Amino acid sequence: MTPTKLRPFFENIEFEKDGSHMVLNFGPQHPAAHGQLRLILELDGEKVIKADPHVGYMHRGMEKMAENMIYSEFIPVTDRIDYLASTGCNYGFALAVEKLCGIKIPRRAEVIRVILLELNRIAAHLLYIATQALDIGAMTVFLYAFREREYVLDAIEHYCGARLTHNAIKIGGVFTDLPDNYCNELLELCDKVLNGVKDYEIMLDKNRIWLLRTQGVGVITKDMALNWGCSGVTLRASGVQWDIRKEEPYSIYDELEFDVPYATSGDVYARFKCYIEEIRQSVRILRQCVKLYHESDTAILADNPEYVNPSKEQIMTQNYSLMQHFVLVTQGLKAPKGEIYQATETNKGEFGVYIYSTGDSKPYRVKLRAPSFWHCAIYEELLVGGYIADVSAIICSTNLIFGEVDR
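Keep in mind that this is a model prediction, so the values were computed, not measured.

S.K.: With reference to specific residues and values, describe the domain arrangement of the protein chain.
M.R.: Split by domain assignment, the protein chain resolves into domain 1 (15-54) and domain 2 (62-405). Centre-to-centre separation of domain 1 and domain 2, based on C-alpha positions: 32 Å. With 19 residues of domain 1 at the interface, the matching set in domain 2 holds 18 residues. Buried area between domain 1 and domain 2, both sides added, is near 1500 Å², and the carbon and sulfur share of it is 72%. Broken down residue by residue, the surface that domain 1 buries against domain 2 is led by His34, Glu46 and Val48, which jointly contribute 35%. Taken together, the links from domain 1 to domain 2 amount to zero salt bridges. Across the domain 1-domain 2 interface, the total number found is three residue pairs in polar contact (both at pLDDT 80 or more). Listing elements by their share of the side of domain 1 that touches domain 2, those giving two or more residues are strand S2 (21-26), strand S3 (38-44) and strand S4 (47-54). Each residue belonging to the side of domain 1 that touches domain 2 can be placed in one class, and the counts come to 12 nonpolar, four polar and three charged.

S.K.: Help me get a handle on the pattern of salt bridges, residues and values and all.
M.R.: The tally for this structure, following the rule as stated, stands at 26 salt bridges. The partner of aspartate 82 in a salt bridge is lysine 348, and the shortest N-O contact between them spans 2.5 Å. A residue pair is termed long-range when its members are at least 10 positions apart, and aspartate 82 in the loop between helix H2 (71-78) and helix H3 (86-101) and lysine 348 in the loop between strand S7 (338-345) and strand S8 (350-357) qualify at 266 residues. For the residue pair aspartate 82 and lysine 348, the accessibility class agrees, reading buried in each case. With its nearest N and O atoms 3.8 Å apart, the salt bridge here joins arginine 236 to aspartate 243. Take arginine 236 and aspartate 243: they sit in the same class, and that class is buried.

S.K.: Can you tell me about the UniProt feature "domain: NADH-quinone oxidoreductase subunit D" (unreviewed entry) in the protein chain, naming the residues and giving the values?
M.R.: Those residues carrying the UniProt feature "domain: NADH-quinone oxidoreductase subunit D" (unreviewed entry) are residues 135-407 in this numbering. Across residues 135-407, the secondary structure splits into 49% helix and 9% strand, with the terminal C-alpha atoms separated by 25 Å.

S.K.: Break down the packing of helix H4 (residues 107-136) against helix H16 (residues 388-397) for me, with residues and values.
M.R.: One can describe the packing of H4 onto H16 by two numbers: an axis separation of 9 Å at closest approach and a directional angle of 175 degrees. Classed by the angle they form, the pair H4 and H16 counts as roughly antiparallel. Taking contact as the criterion, the partners of Tyr128, Thr131, Gln132, Asp135 and Ile136 in H4 are, on H16, Ser392, Ala393, Cys396 and Ser397. Along the lines of polarity and charge, the residues of the contact of H4 with H16 split into four nonpolar, four polar and one charged.

S.K.: So what about empty space enclosed by the protein? Which residues, and what values?
M.R.: Summed over all chains, the structure comprises three cavities of 30 Å³ or more. For the largest cavity, the calculated volume is near 90 Å³. Residue assignment for the lining of the largest cavity shows that the elements contributing at least two residues are H3, H4 and S7. For the lining of the largest cavity, the element with the highest residue contribution is H4, accounting for three residues.

S.K.: So, the packing of aromatic side chains: which residues are in play, and what are the values?
M.R.: Applying the stated criterion across every chain, the model contains 10 aromatic pairs. On the numbers, 6.3 Å between centres and 40 degrees between planes, the contact of tyrosine 269 with phenylalanine 272 is tilted. On the criterion of helical spacing, the pair formed by tyrosine 269 and phenylalanine 272 is a turn pair, its members being three residues apart in helix H11 (residues 268-295). Residue classification places tyrosine 269 among the buried positions, given a relative accessible area of 15%. By relative accessible area, which is 0% here, phenylalanine 272 ends up buried. Plain terms: the ring middles of phenylalanine 373 and tryptophan 374 are 6.1 Å apart, the flat faces sit at 85 degrees to each other, and that makes the pair edge-to-face. Residue classification places phenylalanine 373 among the partly exposed positions, given a relative accessible area of 37%. Taken together, the aromatic side chains of Tyr91, Tyr250, Tyr253 and Phe258 make up a single cluster linked through ring pairs. For arginine 147, the ring lying beneath its charged end belongs to tyrosine 144, and the centroid distance is 4.7 Å.

What counts, and where the lines are drawn
Residues numbered from 1 in each chain as written. Predicted model: local features only at pLDDT ≥ 70, side-chain atom pairs only at ≥ 80, totals over all residues. Heavy atoms only, no water. Domains from an automatic or database assignment. Contact = heavy atoms within 4.5 Å. Buried area = accessible area lost by both parts, 1.4 Å probe. Salt bridge = Lys/Arg side-chain N within 4 Å of Asp/Glu carboxyl O. Polar contact = N/O pair within 3.5 Å; in protein donor to acceptor, adjacent residues only side chain to side chain. Helix = DSSP H or I, 4+ residues; strand = E, 2+ residues; numbered from the N terminus. Nonpolar A, V, L, I, M, F, W, Y, C, P; charged D, E, K, R; others polar. Buried < 20%, exposed > 50% of the residue type's maximum accessible area, 1.4 Å probe, protein only. UniProt positions renumbered as here; feature names shortened; annotations may be inferred. Axes fitted to C-alpha atoms, helices over the stretch in contact; angles between N-to-C directions. Parallel < 35°, antiparallel > 145°, perpendicular 65-115°, else oblique. 1 Å grid on protein atoms, 1.4 Å probe; cavity = no way out; pocket = protein on both sides within 12 Å on 5 of 7 lines; lining within 4 Å. Points joined across faces, edges and corners; volume = space filled by probe spheres on them. Phe/Tyr/Trp six-rings, centres within 6.5 Å; stacked < 30°, edge-to-face > 60°. Lys NZ or Arg CZ within 6 Å of the ring centre and 35° of its normal.

Structure, rendered in structure tokens:
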């Protein structure tokens, strides 16, 4: 169509006469796209008959950055892969390096790591609940969920000094022990979070509008979820009870008692209920971690001079430790030759790290498997047959963050 004064050209909207279909660009700056998603929708009236997701608007090159940094330098960069799962991404990469190098982590560090991972999971789930409600028009739930999320972020900040990009985990352990009285504050936080969850359910569970906008909407069947490589809640809400913390346990998860929530209907409502229940299970894990923390020794760093920095006390008092620290900071650890793939369960699903090492201080090849990338592809099938009004609700229910798609 040639633009004229009488027939202006709209960059984002194109009307096609054939069959009265309309092609609509949803994003890449749409507020409900939760990032840089350009979704080209073909509509027949209000019905979606074709969906074509386009990604790649951020161009960050995370994996190539990793191949040009020493291992410890890349840990703070992993915060930026998914800003809602900073600790989860820190941990996933650190764990892969530790497995490659054969580093054994002290028990207290493992307990602190699990505390941070579950706090991170709760904060991320609360943001999902808030934005899912907001995308459907429920403003009050958004405000309530952000209230509890602030409490959780306060707790993370109290430990590591950051609210968004945590960088709280290092190769070989953690930077510091928990502050005094932190465990008691953690238990109080658990009560606050559970009370908040109760409030959301009171507001939404019997709300007719909420139920009409979520039940039977955006149904992902079990076969679809498996075929498109879904993981996390997106997979579990479709009837597959798969959680890497249970199926391929890492850290101390095999010692902890918690259930894996799942549903069978696979719709937006099922995913919402799974996220709610996962918050309860994370609180259950946190309460067990408080007990395990008190029973553990005080060591928070692995005793492995070849790969792990000595403690600050050792650096200040021992000449050999000072030299070792200098070598590890300036040259970096040299992981043995070999390759590893380590998967962990972050808030959205499987976060996998593949490292190929040639024995140098930098990885020869790094590949990341982030859940949002796979959940984004499913729109091609998932949105077709639904209505334009449901697109925002469905996109939000898959809980995308585009940092990990365009990595």
